[in-house]
Amino acid sequence: FDANRTLALSSAALEFHVNPWDIMLCLSGTVIACENAIVVAIIFYTPTLRNPMFVLIGSLATADLLAGMGLILNFAFQYLVSSETISLITVGFLVASFTASISSLLAITVDRYLSLYNALTYFSEKTLHYVHLMLVGTWGASLGLGLLPVLGWNCLDDASTCSIVRPLNRTNLTLLAASFFVIFALMLSLYFKICKIVCRHAHQIALQQHFFTTSHYVATKKGVSTLAIILGTFGASWLPFAIYCLVGEREYPPVYTYATLLPATYNSMINPIIYAYRNTEIQRSIYMLFCGCFQTNGSYRSRSPSEV
């Protein structure tokens, strides 16, 4: 009897398997959460990081931190406490978090454009007012989109309306994909205008000095290349999943959904590297946090997004 019982338990253990894609999503969420938790802690506990640029970077890091935690919770609930109610809550949480992340990227782009277009008045109270409005709009819209599945915009009652991401229905997923394309188009337009302003500034400096030095050319080229990397990374991460949301059907193999969703999560993994860890102010705060003996000689001032 004991032998048969042991054999039955072993068979049950063998039947329980974990999807490797879910494991990779969970690992991705763990890395995302750890990276962005450091950024959030640094900005929160450093009094000098209070200007509009760092407030928006903090918003982005918070959104990505929540997205990473959402991926971890989704994995845990899926295999430990599986229920339709919890599935709706976790999916809504992920939708809100990733929407806030993408919207925060747009807000950072707007801030960088304003810092160049209105350089003389950037550090005024008016800019801080704009930042607060963008934060309210970003998190308000993200929370609204995240609540839609919980409030009934799902396919639990009618499986024929399900999208490639269950329990979201096709209308809901189409709305999310359309919102992404609108944000991506706005970012593309703003970064194009930023490139024009940067090139015009470099040309004006060259005229004032009566010649165009190699350093000016290198600086301009580096700035344009940085903007191309930012847009290229964002597009390469999210475009495959956004396009598949529009053309995919629920009958398609789930591997297609996983293969396009996993790169999208990498954007939240790369964001702190692009927007936070490359910033000298945040680097200095990290050194002071982990190496209390770090000292700097001379004065220190916070730079604007245009300088960064």
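Because the structure is a prediction, the values reported are computed rather than measured. (Residues numbered from 1 in each chain as written. Predicted model: local features only at pLDDT ≥ 70, side-chain atom pairs only at ≥ 80, totals over all residues. Heavy atoms only, no water.)

Before we move on, could you go through the overall build of the protein chain and cite the residues and values that matter?
Scanning the protein chain for helices and strands turns up 9 helices and 0 strands. Ordered by position from N to C terminus, the α and β elements of the protein chain give α-α-α-α-α-α-α-α-α. Looking at the protein chain as a whole, 41% of its 308 residues qualify as buried. Nonlocal contacts in the protein chain, meaning residues at least 24 apart in sequence, comprise 75% of its contacts between residues at least 6 apart. Counting only carbon and sulfur atoms, one obtains 68% of the accessible surface of the protein chain, whose full area is about 16,900 Å². (Helix = DSSP H or I, 4+ residues; strand = E, 2+ residues; numbered from the N terminus. Buried < 20%, exposed > 50% of the residue type's maximum accessible area, 1.4 Å probe, protein only. Contact = heavy atoms within 4.5 Å. Areas by Shrake-Rupley, 256 points an atom, 1.4 Å probe, with all protein chains shown as cover.)

Account for the side chain of Asn-267, naming residues and giving values.
Turning to its location among the elements, Asn-267 is positioned in helix H8 (residues 254-277). For Asn-267, a relative accessible area of 2% translates into the label buried. When sequence neighbours within four positions are dropped, the list of residues in contact with Asn-267 reads Leu-105, Thr-233, Phe-234, Ser-237 and Trp-238.

Now, about the nonpolar core: what can you tell me, with residues and values included?
Counting 58 residues, the largest nonpolar core has Ile-57, Met-187, Tyr-191, Phe-234, Trp-238 and Tyr-275 as its most contacted members. For this core, the secondary structure elements donating two or more residues are helix H2 (20-45), helix H3 (52-79), helix H4 (84-117), helix H5 (125-150), helix H6 (170-208), helix H7 (214-247), H8 and helix H9 (280-290). It is H6 that provides the largest number of residues to this core, a total of 12 residues. Non-local contacts of Ile-57, meaning those with residues more than four positions away in its chain, are made with Val-39, Ile-43, Ile-108, Tyr-275 and Ala-276. (Core = buried A, V, L, I, M, F, W, Y, C linked by side-chain atoms within 4.5 Å.)

Break down the state of the cysteines for me, with residues and values.
The term disulfide refers to a covalent linkage connecting the sulfur atoms of a pair of cysteines. Summed over all chains, the structure comprises 1 disulfide. One disulfide in the model links Cys-155 with Cys-162; its S-S distance is 2.0 Å. Where Cys-155 bonds to Cys-162 through sulfur, the torsion about that S-S bond is close to 85 degrees, and the disulfide is right-handed. On the accessibility criterion, Cys-162 (5% relative accessible area) is buried. (Disulfide = S-S within 2.5 Å.)

I'd love a proper account of the packing of H3 against H5, names of residues and values included.
Contact geometry for H3 and H5: axes closest at 10 Å, N-to-C directions at 15 degrees. Regarding the angle of H3 to H5, the classification is roughly parallel. The way H3 lies across H5 gives a crossing that is right-handed. Contacts between H3 and H5 involve Pro-52, Val-55, Leu-56, Ser-59, Thr-62, Ala-63 and Leu-66 from the former and Thr-127, Leu-128, Val-131, Met-134, Leu-135 and Trp-139 from the latter. Taken together, the residues of the contact of H3 with H5 break down into 10 nonpolar, 3 polar and no charged. (Axes fitted to C-alpha atoms, helices over the stretch in contact; angles between N-to-C directions. Parallel < 35°, antiparallel > 145°, perpendicular 65-115°, else oblique. Left-handed = near helix turned anticlockwise from the far one by under 90°. Nonpolar A, V, L, I, M, F, W, Y, C, P; charged D, E, K, R; others polar.)

Account for H8, naming residues and giving values.
For H8, which comprises 24 residues, the first-to-last C-alpha distance of 35 Å matches the rise-based estimate of 34 Å (1.5 Å per residue) to within 8%. Of all the bends in H8, the greatest, near 35 degrees, is centred on Ile-270, and the proline Pro-272 appears no more than four residues after it. (Expected span 1.5 Å × (residues − 1). Bend = angle between axes of the 7 residues up to and from the residue.)

Hey, could you go over the packing of aromatic side chains for me, with residue numbers and the actual values?
Under the definition given, this model contains 12 aromatic pairs. Both rings, one in Phe-184 and one in Phe-234, keep their centres 5.8 Å apart while their planes meet at 35 degrees; by these two values the pair is tilted. Of this pair, Phe-184 sits in helix H6 while Phe-234 sits in helix H7, and the two are 50 residues apart along the sequence. Accessibility classification places Phe-184 together with Phe-234 in one group, the buried group. Within the aromatic cluster, the residues linked to one another by ring pairs are Phe-98, Phe-180, Phe-181, Phe-184, Phe-234, Trp-238 and Phe-241. (Phe/Tyr/Trp six-rings, centres within 6.5 Å; stacked < 30°, edge-to-face > 60°.)

Go over the UniProt feature "transmembrane region" (unreviewed entry) in the protein chain, please, and point to the residues and values.
The UniProt record annotates "transmembrane region" (unreviewed entry) at residues 20-46, 53-80, 86-110, 130-153, 173-192, 224-243 and 255-277. A helix fraction of 96% and a strand fraction of 0% characterise residues 20-46, whose end C-alpha atoms lie 39 Å from each other. The span residues 255-277 carries 100% helix and 0% strand; its end-to-end C-alpha distance comes to 33 Å. (UniProt positions renumbered as here; feature names shortened; annotations may be inferred.)

Lay out a nonpolar patch on the surface in plain terms, naming residues and giving numbers.
A cluster of nonpolar residues, Ile-89, Leu-143, Leu-147, Val-150 and Leu-151, forms a patch on the protein surface that exposes about 480 Å² of accessible area. If you tally residues by element for the nonpolar patch, the top one is H5, at 3 residues. Looking at the secondary structure, you find Ile-89 in helix H4. (Patch = residues over 30% accessible without salt bridge, like charges linked within 9 Å, V, L, I, M, F, W, Y side chains within 5 Å. Salt bridge = Lys/Arg side-chain N within 4 Å of Asp/Glu carboxyl O.)

Tell me about the packing of H4 against H8, and please be specific about residues and values.
At their nearest, the axes of H4 and H8 sit 11 Å apart, and the two run at 35 degrees to each other. Two packed elements cross with a definite hand, and for H4 against H8 that hand is left-handed. Of the residues in H8, those in contact with Phe-98, Ser-101, Leu-105, Ile-108 and Arg-112 of H4 are Thr-265, Asn-267, Ser-268, Asn-271 and Tyr-275.

Summarise the pattern of salt bridges; cite the residues concerned and give the values.
Per the stated rule, a full pass over the model turns up 2 salt bridges. For Glu-249, the salt bridge identified is with Arg-170, shortest N-O distance 3.8 Å. With Glu-249 in the loop between H7 and H8 and Arg-170 in helix H6, the pair connects residues that are 79 residues apart, well separated along the chain. Using a relative accessible area of 30% as the deciding quantity, one classes Glu-249 as partly exposed. Overall, the relative accessible area of 39% leaves Arg-170 in the partly exposed class. Between Glu-251 and Arg-250 there is a salt bridge, with its nearest N and O atoms 3.7 Å apart. Of the residues examined, Glu-251 reaches a relative accessible area of 56% and is grouped as exposed. Since its relative accessible area comes to 40%, Arg-250 is described here as partly exposed.

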